[in-house]
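Observations on chain architecture
For reference, the chains in residue letters:
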Amino acid sequence: MTVTDEALPRSPAAGPAGDPVGAEVVAALVRDLDVGFAALYEAYRGAVFSTALRLCGRWAEAEDLSAEAFLRAYRALAGYAPGRVAALRPRPWLLTILANVWRNSLRSAARRPAAAPLEDAPDPPDPGEGVEDVAARRETGRELAALLAALPEMQRAAVVLRHVTDLPVAEIAAVLDLPEGTVKSHISRGLARLRELRAAGRDPGQKGGVR
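Computed from a predicted structure; not experimentally measured. (Residues numbered from 1 in each chain as written. Predicted model: local features only at pLDDT ≥ 70, side-chain atom pairs only at ≥ 80, totals over all residues. Heavy atoms only, no water.)

1. A short note on the overall build of the protein
- Each helix and strand counted, the protein has 10 helices and 0 strands in total.
- Taken from N to C terminus, the helices and strands of the protein fall in the order α-α-α-α-α-α-α-α-α-α.
- Here the protein, with 211 residues, has 46% of them falling under the buried criterion.
- In the protein, 70% of the contacts between residues at least 6 apart in sequence involve partners at least 24 apart.
- Here the protein has roughly 10,600 Å² of accessible surface; of this, 55% comes from carbon and sulfur atoms. (Helix = DSSP H or I, 4+ residues; strand = E, 2+ residues; numbered from the N terminus. Buried < 20%, exposed > 50% of the residue type's maximum accessible area, 1.4 Å probe, protein only. Contact = heavy atoms within 4.5 Å. Areas by Shrake-Rupley, 256 points an atom, 1.4 Å probe, with all protein chains shown as cover.)

Right under this line is the structure:
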């Protein structure tokens, strides 16, 4: 099932567990949409952008994805009843919207000519680090961006949400609309594939890379 931008992610964990600012943001949204949205943006812009950057591998594209996600979030909130806003879990909800925007961008890109090579970024990964540590670093080097781009779409999303955004598996399952067991499998297989690519010193952008 495709999750619409306006859908509330489903998860057995209710409330702002693991997200201490969530309740404050929701309360602000209930009182006033514009003031609350400013609080929402300030609280989650970093998580949304860093997730977008690891998903797409390009700074400018990540800025566009983030801006579009927040625009869709505002439009959705404008149509919500107060009770629905009060039940919102902001972080997974925003990342659900971002994931949908990213997937749409992939479909659009498939109909366009091939993109330019991935941009360079500072602080490339240390070859001695494990892939989990590399993925958890804030900066995205060209090597890591290329490695993540070589993963199948759902593996890439699951790894980024777990090791960049630090979401628990239950929230990732809600964002991606998948069973928790499937999410765990995507994370495990994605990390294993990243290890293989790094160990082989292979350029995943070359023809024949895994998609």
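2. Notes on the packing of aromatic side chains
- Under the criterion given, the structure shown has 5 aromatic pairs.
- Relative to F70, the ring of F37 lies with its centre 6.3 Å away and its plane at 85 degrees, an arrangement referred to as edge-to-face. On the criterion of sequence distance, the pair formed by F37 in helix α2 (residues 33–56) and F70 in helix α3 (residues 59–78) is long-range, its members being 33 residues apart.
- On the basis of an interplanar angle of 70 degrees and a centroid distance of 4.9 Å, the ring pair of Y41 and F70 is categorised as edge-to-face. A residue pair is termed long-range when its members are at least 10 positions apart, and Y41 in helix α2 and F70 in helix α3 qualify at 29 residues.
- Judged by relative accessible area, Y41 falls into the partly exposed class, the value being 34%.
- Its relative accessible area of 6% is what places F70 among the buried residues.
- Taken together, the ring pairs in this structure connect F37, Y41, F70 and Y74 into an aromatic cluster. (Phe/Tyr/Trp six-rings, centres within 6.5 Å; stacked < 30°, edge-to-face > 60°.)

3. Comments concerning the nonpolar core
- Core analysis: the biggest nonpolar cluster contains 53 residues, and L40, L77, W93, L94 and L176 have the highest contact counts within it.
- Those elements giving two or more residues to this core turn out to be α1 (22–31), α2, α3, α5 (90–110), α7 (142–149), α8 (153–163), α9 (169–176) and α10 (180–200). (Core = buried A, V, L, I, M, F, W, Y, C linked by side-chain atoms within 4.5 Å.)

4. So, the environment of P168
- Mapped onto the elements of the fold, P168 is located in the loop between α8 and α9.
- Assessed through its relative accessible area of 36%, P168 is described here as partly exposed.
- Once the C-alpha coordinates of P168 and E180 are considered, the two residues, 12 residues apart in sequence, prove to be 10.0 Å apart.

5. Focus on the pattern of salt bridges
- Summed over all chains, the structure comprises 6 salt bridges.
- Between R72 and E68 there is a salt bridge, with the nearest N and O atoms lying 2.8 Å from each other. Within this pair, R72 and its partner E68 are both found in helix α3, separated by 4 residues, close to a single helical turn.
- We classify R72 as partly exposed; its relative accessible area is 23%.
- With relative accessibility at 27%, the residue E68 sits in the partly exposed group.
- A salt bridge links E171 to R91; its shortest N-O distance comes to 3.3 Å. Taken as a pair, E171 in helix α9 and R91 in helix α5 lie far apart in primary sequence, 80 residues in all. R91 carries the same exposure label as E171, and that label is buried. (Salt bridge = Lys/Arg side-chain N within 4 Å of Asp/Glu carboxyl O.)

6. Points about α1
- Looking only at α1, the buried set comprises G22, V25, V26, A28 and L29. Along the long axis of α1, the arc covered by the buried residues comes to 160 degrees, so they all point the same way. Exposed and oriented more than 90 degrees from the buried face of α1 are E24 and R31. (Arc of directions from axis to C-beta.)

7. Details of the packing of α1 against α2
- Running from N to C, α1 and α2 point in directions that differ by 155 degrees, and their axes come no closer than 7 Å. As the angle between them shows, α1 and α2 are arranged roughly antiparallel. Contacts between α1 and α2 pair G22, V25, A28 and L29 from the former with L33, G36, F37, A39, L40, A43 and Y44 from the latter. (Axes fitted to C-alpha atoms, helices over the stretch in contact; angles between N-to-C directions. Parallel < 35°, antiparallel > 145°, perpendicular 65-115°, else oblique.)

8. Looking at the confidence of the model for the protein
- Averaged over the protein, the pLDDT score is 80; the fraction of residues at 70 or greater is 72%.
- No element of the protein has a lower mean pLDDT than helix α6 (residues 131–136), at 52, and none a higher one than α3, at 97.
- Long-range and interchain partners of residues 1–17, a stretch whose pLDDT sits below 50, account for 38 contacts in this model, where long-range means more than four residues apart.
- Residue range residues 203–211 is modelled with pLDDT below 50. Its contacts to residues more than four positions away, or to other chains, number 15 contacts. (pLDDT = per-residue confidence, 0-100.)

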